[in-house]
Amino acid sequence: MALLEMTGIEKHFGGVTALNGVDFETDAGEVMALVGDNGAGKSTLIKTIAGAHQPDAGTIRLQGKDVFMRSPQDAWKLGIATIFQELALADKMNVPDNIFLGQELRRSILGIPFLDRKRMRQRTRELLTDLEVQIQDLDLTVEAMSGGQRQGIAIARALNLDADLIIMDEPTAALAVAEVRKVLDFIQHLRAQGKGVILISHNIQDVFAVADRVTVMRQGQVEAVRRIDATTPEEVIALITGARAVDLSHRPAHNTGGDAAAQPTPAG
Ligand SMILES: Nc1ncnc2c1ncn2[C@@H]1O[C@H](COP(=O)(O)OP(=O)(O)OP(=O)(O)O)[C@@H](O)[C@H]1O
Ligand SMILES: [Mg+2]
């Protein structure tokens, strides 16, 4: 049974059709890459998995059960953590407050609940150490932090949710080489723990470095699904752009004048 199974997903924004009958699935212990050109519908699709958008049609099944998510909080409760393309950090808050945003730890003194800042700070340190993210002063607001640090904080927040499915929308886009390596290591670490990971990336090299399968989207639809060990970067790029491999056997006869007609026609 697939960890996540989406069928016939549609999403319209006014006159714009962002998703047009999308079927998508991913398994536990798998890294599923989601690729496609700008505007193909990748972010919209994962926002429907993350509870940030509600699909206009279609079903979402998690571990075999139909789910309906009205908010990102609903998705968290179901074990889905999403790191959005826009990162969605609270710029004016410090590091622990970002990591525990919406799921603050509390303790009670004489029956009165207080935020447990000490435990949140401790846990933040542990998470960042695990991820090898260097941040000296946790009390600084995150607005001035580097792309890599911000990515690290967003990943730490997802990790802290202890989700079964982690979705990352362009996690390496703004990062330096060493930071990219760290994020890819982290993705492999999650897979080794049996979690499902959906990785949206424009970087084909990253996709081939960590993914088990790749789903290619084009113009709001799924163009193809391939196992990484049964495809090539060239094929994936051709699927993204909609370019077909030249297949002479399908050329109309009147169009084969010149040298092309002399080429051997591939069988099958
Ligand atoms: N909130 C919205 N309102 C109106 N149109 C939207 C909205 N969100 C997405 N769209 C449109 O839906 C289509 C798909 O957008 P989406 O952001 O999902 O693409 P994407 O594949 O993530 O692209 P990119 O690679 O650039 O991030 C685009 O035409 C986009 O303009
Ligand atoms: Mg996007």
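Residues numbered from 1 in each chain as written. Chains lettered and ligands numbered in written order. Predicted model: local features only at pLDDT ≥ 70, side-chain atom pairs only at ≥ 80, totals over all residues. Heavy atoms only, no water.

The name recorded for the protein chain in an unreviewed UniProt entry is Sugar ABC transporter ATP-binding protein, from Rhodovibrio salinarum.

Asker: Run through the site of ligand 1, naming residues and quoting values.
Answerer: With respect to spatial proximity, 13 residues lie near ligand 1, and among them Asn-38, Gly-39, Lys-42, Thr-44 and His-202 are the closest. Separating an oxygen atom of ligand 1 from a side-chain N or O atom of Asn-38 is a distance of 2.8 Å. Taken by itself ligand 1 offers 640 Å² of open surface, and the protein chains cover 63% of this. Elements represented by at least two residues in the shell around ligand 1 include exactly strand S2 (16-26) and helix H1 (42-49). (Near = heavy atom within 4 Å. Polar contact = N/O pair within 3.5 Å; in protein donor to acceptor, adjacent residues only side chain to side chain. Areas by Shrake-Rupley, 256 points an atom, 1.4 Å probe, with all protein chains shown as cover. Helix = DSSP H or I, 4+ residues; strand = E, 2+ residues; numbered from the N terminus.)

Asker: I'd like a description of helix H8 (residues 233-241), backed by residues and values.
Answerer: Those residues of H8 lying buried are Val-236, Leu-239 and Ile-240. Down the axis of H8, the smallest arc covering the buried residues is 100°, so these residues share one side. Of the surrounding secondary structure, the elements contacted by the buried residues of H8 are strand S3 (31-36), helix H7 (204-210), strand S11 (213-218) and strand S12 (221-227). Residue Gly-242 follows H8 closely and has a positive phi angle near 85°. (Buried < 20%, exposed > 50% of the residue type's maximum accessible area, 1.4 Å probe, protein only. Arc of directions from axis to C-beta. Contact = heavy atoms within 4.5 Å.)

Asker: For the sheet that holds S12, give the residues involved together with the corresponding values.
Answerer: A sheet is described by the order of its strands in space; here 6 strands give the open sequence S6-S9-S10-S3-S11-S12, paired in mixed fashion. Single-partner strands in this sheet number two, and they are strand S6 (80-83) and S12. Going from strand to strand, the sheet's axes swing by 15° on average, the running direction of each strand aside. Strand direction decides the pairing type here: S6 and strand S9 (residues 165-169), joined by 4 bridges, are parallel. The residue bridging Ala-81 from the neighbouring strand is Ile-166, located in S9. (Pairing = 2+ DSSP bridges. Axes fitted to C-alpha atoms, helices over the stretch in contact; angles between N-to-C directions.)

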